[in-house]
Amino acid sequence: MERSKAKQLSFITVPSQIIHPLTSSSFQGLLLLPKKSSRQQPLCWLLSAARNPRISLLAFLFIFSLLGLIAIGLRLDPLLHFSPVPCATSGRDGSSKPSYLEKAEAVKMTIEQRGEEFWKQPEGMGYRPCLHFSREYRRASEDIRRDHRRKYLMVVVSGGLNQQRNQIVDAVVIARILGASLVVPILQVNVIWGDESEFSDIFDLDHLKKALADDVRVVSSLPSTHLMTRPVEEKRTPLHVSPQWIRSRYLRRLNREGVLLLRGLDSRLSKDLPPDLQKLRCKVAFHALRFATPIVELGNRLAERMRSKGPYLALHLRMEKDVWVRTGCLPGLSYEYDAIIHEERKQRPELLTARSNMTNEERKLTGLCPLNALEVTRLLKALDAPRNTMIYWAGGEPLGGMAVLEPLKKEFPFLYNKENLSLPGELEPFMQKASLLAAIDYIVCEKSNVFMPSHGGNMGHMIQGHRAFAGHKKFITPNKRHMLPYFLNNSLPETEFNRIVKELHQGSLGQPEFRTDKIGKDVTAYPVPECMCNSTSTRIIL
């Protein structure tokens, strides 16, 4: 009660410019004023005070200062959004909060919501792995196991890690078509990286044999009875051949000689196979063809280190020298680096993948070129990736060195790769072996919350299918062909640019994509509907 009756004191600050002209004698004069009786009427006191020029001057200055301060406050209020009653403004929730704090919290909430939206996973529509083989397929499996006339398929696979994986998948399917046992594939030494790794250095051979026991018999080497047999060798299998073509071309000779040797299987087998063979492709790619234990252990450790700080984004940056040479694109770093690419392409024209008659500008606008670091940065910002996003980037050292990643690191400072994420000595057993290092990258990327490649390719396609098979984890496919014109439009406001980029990528975030709408595409990139089904699917074959 006493507190409620207590007088509240108000303090007014008077500017020094107003106080300064008053001399010490003025204050002394005020202090020496004669005391008035407590019974004196206020009006009389004012009349007597008005006769004193010192009091009149002080009163005038006081009133002038007070009016000035009020005027200044009225002018500042609309700019600073100060509450008319400091520290007593009620917020929307009824709590006492100044309005500028409310707006700061609203901005913070908006940023957090955008961050949550970036990590949001796509709708999987209930699709799950579904590898039920038909009765005919299972009966054929029994016939293959009982067949004592051993036929063996040998294959030599080439290219980088994921190109080799695609060929190994097709080699298993071809062995199934021919009813032959598959000899462990021979990995051709890569002409670019010089990696001499063997199959068992990269993949878990024992797991492959067990996982495919009901589909194809896998053996480590030819038996002694066939060592002196001269294999039937086929060097130029046409592109996209059917199972019927495979049987008519090879089966009779294989039955006669017992051994068939195939080379260069890349894209030789048709992408559109009967359902059982498509399921076998998925079984090999997503289950049977597992990396060797040392690779899996290190890949899992690096993924766990990334995940320990929260969700993380994995980027596959395709900025190596060989990528620029093969795509026919220019890195755009400087005249010097463009000249290096031109010279390399001139000396090795066979490396250029296709469409050699197109210019660099035409290729870029058609979406055939990798995104550079600045373009990757702008895309991520437009898609509301938080600035504190943990990013793991996969791939070899970019042409021009690590300096070319500065635009990305400036906006997203938490940027890591296997070199700076691993502990001293952890990578040493894998150094100088590009395929093993690529396998480590694959594991960390596949386990990420969000994955995005800067350019298409075998690794991007394989991870796309792997993430779909795992439940449609978010996968951003850069819509390069449609968004690049907006990248080149410098007059476009950033807010409008961001809106357009988001619209262009609404359907490119890892949602289920039906391979039946993409005839001729790999089922290992688009496993729906051959390898995945939902509760309403009628495509399950029992």
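Everything below is about the structure shown above.
Everything numeric here is computed off the predicted structure, so don't read it as measured data.

1. A short note on empty space enclosed by the protein
At step 1: A complete count under the given rule lists five cavities of 30 Å³ or more for this structure.
At step 2: Reported here for the largest cavity is a volume of approximately 130 Å³.
At step 3: What lines the largest cavity is a set of 17 residues, and nearest its centre among them are Q464, A468, G510, Q511 and E513.
At step 4: Residue composition of the lining of the largest cavity, by class: eight nonpolar, six polar and three charged.
At step 5: N166, V169, D170, K271, R281, D522, V523 and T524 are the residues that line the second largest cavity.
At step 6: Per element, the largest residue contribution to the lining of the second largest cavity is three residues, and it comes from helix α8 (residues 161-178).
At step 7: Residues of the lining of the second largest cavity, tallied by class, amount to two nonpolar, two polar and four charged.

2. Concerning the packing of aromatic side chains
Centre-to-centre distance and the angle between the planes together describe a pair of aromatic rings.
At step 1: The final tally for this structure, using the stated rule, is 10 aromatic pairs.
At step 2: R165 extends its terminal NZ or CZ atom over the ring of Y442, reaching a point 4.4 Å from the ring centre.
At step 3: Across from the ring centre of F497, 4.1 Å away, lies the NZ or CZ of R378, which sits over that ring.

3. Brief notes about helix α20 (residues 434-446)
Count 3.6 residues to each turn of an α-helix, and residues three or four apart come out pointing the same way.
At step 1: Its 13 residues give α20 an end-to-end C-alpha distance of 18 Å, which sits within 8% of 18 Å, the value for a rise of 1.5 Å per residue.
At step 2: In terms of burial, α20 is largely enclosed, as 11 of its 13 residues are buried.
At step 3: Along α20, the positions that sit buried rather than exposed are S435, L436, L437, A439, I440, D441, Y442, I443, V444, C445 and E446.

4. Some points on the packing of α8 against helix α11 (residues 243-257)
At step 1: Running from N to C, α8 and α11 cross one another at 65°; their axes reach a closest spacing of 9 Å. If you check the angle between α8 and α11, you find them roughly perpendicular. With respect to the hand of their crossing, α8 and α11 are arranged in right-handed fashion. Contacts from I174, I177 and L178 of α8 reach α11 at P243, I246, R247, Y250, L251 and L254.
At step 2: Here the residues of the contact of α8 with α11 are counted per class, giving eight nonpolar, no polar and one charged.

5. Quick notes on the environment of R252
At step 1: Along the chain, the position of R252 falls in helix α11.
At step 2: When its relative accessible area of 70% is taken as the criterion, R252 is described as exposed.
At step 3: Note: C-alpha distance between R252 and L178 (74 residues apart in sequence) is 9.8 Å.

6. Examining unusual backbone geometry
At step 1: The amide bond that connects V528 to the next residue, P529, takes the cis arrangement and shows omega of 5°.
At step 2: Among the structural elements, P529 can be located in the loop between α23 (494-504) and β13 (532-533).
At step 3: One non-glycine residue, M125, lies in the positive phi region at around 55°.
At step 4: Note on placement: M125 falls in the loop between α6 (99-119) and β1 (128-129).
At step 5: Not every positive phi belongs to a glycine, and D384 is a case in point at roughly 70°.
At step 6: You can see D384 is positioned in the loop between α17 (373-382) and β9 (390-394).

Parameters at a glance
- Residues numbered from 1 in each chain as written.
- Predicted model: local features only at pLDDT ≥ 70, side-chain atom pairs only at ≥ 80, totals over all residues.
- Heavy atoms only, no water.
- 1 Å grid on protein atoms, 1.4 Å probe; cavity = no way out; pocket = protein on both sides within 12 Å on 5 of 7 lines; lining within 4 Å.
- Points joined across faces, edges and corners; volume = space filled by probe spheres on them.
- Nonpolar A, V, L, I, M, F, W, Y, C, P; charged D, E, K, R; others polar.
- Helix = DSSP H or I, 4+ residues; strand = E, 2+ residues; numbered from the N terminus.
- Phe/Tyr/Trp six-rings, centres within 6.5 Å; stacked < 30°, edge-to-face > 60°.
- Lys NZ or Arg CZ within 6 Å of the ring centre and 35° of its normal.
- Expected span 1.5 Å × (residues − 1).
- Buried < 20%, exposed > 50% of the residue type's maximum accessible area, 1.4 Å probe, protein only.
- Axes fitted to C-alpha atoms, helices over the stretch in contact; angles between N-to-C directions.
- Parallel < 35°, antiparallel > 145°, perpendicular 65-115°, else oblique.
- Left-handed = near helix turned anticlockwise from the far one by under 90°.
- Contact = heavy atoms within 4.5 Å.

Function-wise, these values are silent; they only describe arrangement.
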